[in-house]
Structure formats: structure tokens, C-alpha cells
Amino acid sequence: MTNAYSLDGVLVFGLLFVCTCAYFRKVPRLKAWLLSEKRGVWGVFYKAAVIGTRLHAAVAISCIVMAFYVLFIK
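What counts, and at which threshold
Residues numbered from 1 in each chain as written. Predicted model: local features only at pLDDT ≥ 70, side-chain atom pairs only at ≥ 80, totals over all residues. Heavy atoms only, no water. UniProt positions renumbered as here; feature names shortened; annotations may be inferred. Helix = DSSP H or I, 4+ residues; strand = E, 2+ residues; numbered from the N terminus. Patch = residues over 30% accessible without salt bridge, like charges linked within 9 Å, V, L, I, M, F, W, Y side chains within 5 Å. Areas by Shrake-Rupley, 256 points an atom, 1.4 Å probe, with all protein chains shown as cover. Salt bridge = Lys/Arg side-chain N within 4 Å of Asp/Glu carboxyl O. Expected span 1.5 Å × (residues − 1). Buried < 20%, exposed > 50% of the residue type's maximum accessible area, 1.4 Å probe, protein only. Contact = heavy atoms within 4.5 Å. Core = buried A, V, L, I, M, F, W, Y, C linked by side-chain atoms within 4.5 Å.

### A look at the UniProt feature "transmembrane region" (unreviewed entry) in the chain
UniProt marks residues 6-24 and 44-72 with the feature "transmembrane region" (unreviewed entry), using the numbering shown here. Secondary structure content for residues 6-24 is 95% helix and 0% strand, while the C-alpha to C-alpha distance between its ends is 27 Å. Here residues 44-72 runs as 97% helix and 0% strand, with 32 Å between its end C-alpha atoms.

In C-alpha cells:
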């Protein structure tokens, strides 16, 4: 289990957040409901979705590396 207050816990949370928001962007109802705001607190979801869709290869590789680290090294 990963601790939320460690650096690897923050990285795992960030990667999962970006992947989830990128998935939400592909679902039409969730996109209109959650990703309609581009500023403020709700804009964080939009920005994470943009990062997830534009850098999908880098995010996927980061997820694989982080999964390997959490499962086998830690």
C-alpha cells in the first residue's frame, strides 16, 4: 500500500487523476458535466484531461513504470 504523504503516493495519485480525467473526456455526458469549466477549481479537471489526451504515450509509460515500482520494488 502506498502512503499518501510520500512522493510516490503523490505521483500515483497524480497519474490516476490524469488518467481518470482523460477517460471522462471521452464520455460525452461526463465531458459536458465535469469538463465544461476551464477556470477555477473545476478547471483542474479540464487541464488534467488535456494533459492525459495530448501526452497519452508519456502518461501510459509513466503508469507502467509506476506500477512496476509499486508492485516489485516497494
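From this point, the discussion proceeds with the structure in view.
### Regarding a nonpolar patch on the surface
Among the surface-exposed residues, Phe 68, Tyr 69, Leu 71, Phe 72 and Ile 73 lie close enough to one another that they form a single nonpolar patch of about 570 Å² accessible area. By the element assignment, Phe 72 lies in helix H4 (residues 56-73).

### Quick notes on helix H3 (residues 43-54)
In this model H3 runs 16 Å from its N-terminal to its C-terminal C-alpha over twelve residues, within 8% of the 16 Å that 1.5 Å per residue would give. All of the buried residues along H3 are Gly 43, Ala 48, Ala 49, Val 50 and Gly 52. Turning to H3, the residues buried within the fold contact helix H1 (7-26) and H4.

### Here we look at the nonpolar core
Val 12, Leu 15, Val 18, Cys 21, Leu 34, Leu 35, Ala 48, Ala 49, Val 59 and Met 66 together form the largest nonpolar core, which totals ten residues. Looking at this core, the elements with two or more residues in it are H1, H3 and H4. When residues of this core are assigned to their parent elements, the largest contribution, four residues, is made by H1. If we ignore the near neighbours within four places in the chain, the residues touching Val 12 are Met 66 and Val 70.

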